[in-house]
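Chain residues, written in single-letter form:
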Amino acid sequence: MVDQYGQSKSLPAPVKVQGGDIIIKKLSKDKRNPTMLINLNHYTKFDKYIRNGKECFLDKTKHLLRIATPEEEVRQRVIEFLNDVMQIPYTAIETEIPVSYFVEGQKGRMDIVVYGIKDSLRYPVLVIECKANDVQLTDEVYKQVKRYSEVIDIPVLMVTNGI
């Protein structure tokens, strides 16, 4: 079953859509990694701001301006999808989180982390790696986000370049 945007209403059943796709993989012990495609095509219009002569987007998760790079545009499209379709509040989403925030001494920075709440404690449930449109989603990109998810024990990962 899909909604008016062609999005699946039941994760992680595969859904075929055209263009603007994201791939979500849920890691599981039995090595079955279901994949779901999500269409981001209608998340393309953002208010643009100028700061120090540079075009910026408003990061609604941290309430700050970020320089409008191709990767940042993809990140903001994903955030809007999470909020609009998945009904995840901006307060449950963080951007550019150092892995060392969770595990001391670990290197790397996660583009997007989505949190859940259990027993009144906030914990990460989804890590997302965003790349610019012209960056191919290679095995190295998947290994990068998989390492983050394994080091921090995040059950679901997502990788996108916005196309």
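Scope of this entry: the structure provided in the associated data block. (Residues numbered from 1 in each chain as written. Predicted model: local features only at pLDDT ≥ 70, side-chain atom pairs only at ≥ 80, totals over all residues. Heavy atoms only, no water.)

Take the packing of aromatic side chains next. For any pair of aromatic rings, geometry is given as the distance between the ring centres together with the angle between the planes. Evaluated as defined, the whole model comprises one aromatic pair. Pairing Tyr 101 with Phe 102 gives two aromatic rings, centres 5.1 Å apart and planes at 85°, and the pair type is edge-to-face. The exposed category is assigned to Tyr 101, whose relative accessible area is 58%. When the ring centre of Tyr 115 is taken as origin, the NZ or CZ atom of Arg 122, which lies over that ring, is 3.8 Å away. (Phe/Tyr/Trp six-rings, centres within 6.5 Å; stacked < 30°, edge-to-face > 60°. Buried < 20%, exposed > 50% of the residue type's maximum accessible area, 1.4 Å probe, protein only. Lys NZ or Arg CZ within 6 Å of the ring centre and 35° of its normal.)

Two side chains of opposite charge can pair, provided their charged atoms sit close to one another. Scanning all chains against the criterion turns up 13 salt bridges. The partner of Asp 59 in a salt bridge is Arg 66, with the nearest N and O atoms 2.7 Å apart. Of the two residues examined, Asp 59 and Arg 66, each falls in the buried class. Here Glu 140 ties to Lys 143 by a salt bridge, and the two come within 3.6 Å at their closest N and O atoms. Linking Glu 140 with Lys 143, this pair stays in helix H2 (residues 139-152), spanning three residues, or about one helical turn. Side by side, Glu 140 and Lys 143 carry an identical accessibility label, which is exposed. (Salt bridge = Lys/Arg side-chain N within 4 Å of Asp/Glu carboxyl O. Helix = DSSP H or I, 4+ residues; strand = E, 2+ residues; numbered from the N terminus.)

Before going further, it helps to spend a moment on the pairing of strand E9 (residues 156-160). Burial of E9 is extensive: five of the five residues sit out of reach of the surface. Residues of E9 alternate between two faces, with Val 156, Met 158 and Thr 160 on one and Leu 157 and Val 159 on the opposite face, all of them buried. As paired strands, strand E8 (residues 121-130) and E9 are joined by five bridges and run parallel to one another. Each residue of the ladder has a partner; that of Cys 130, found in E9, is Thr 160. Taking the sense of rotation as the criterion, the β-α-β connection linking E8, H2 and E9 turns out right-handed. (Pairing = 2+ DSSP bridges. Right-handed = clockwise from strand over helix to strand, strands pointing away.)

Pairing within the open sheet is antiparallel, and its three strands lie in the order E3-E4-E5. Each of the sheet's edge strands pairs with one partner strand only, and the pair in question is strand E3 (48-51) and strand E5 (64-67). Each neighbouring strand pair of the sheet contributes to a mean axis angle of 50°, computed without reference to strand direction. Across four bridges, the pairing between strand E4 (residues 54-59) and E5 is antiparallel. Bridge assignment links Cys 56 to a residue of E5, and that residue is Ile 67. Strands in contact with helix H1 (residues 70-84) are E4 and E5; relative to E4, the strand with the most contacts, it is inclined by about 25°. (Axes fitted to C-alpha atoms, helices over the stretch in contact; angles between N-to-C directions. Contact = heavy atoms within 4.5 Å.)

Quick look at unusual backbone geometry now. We note that Ser 120 has phi near 65°; this positive angle belongs to a residue other than glycine. Relative to the helices and strands, Ser 120 is located in the loop between strand E7 (109-118) and E8. Even without a glycine there, the phi angle at Asp 153 is positive, about 65°. By secondary structure assignment, the location of Asp 153 is in the loop between H2 and E9. Look at Asp 153 and you get exposed, because its relative accessible area is 64%.

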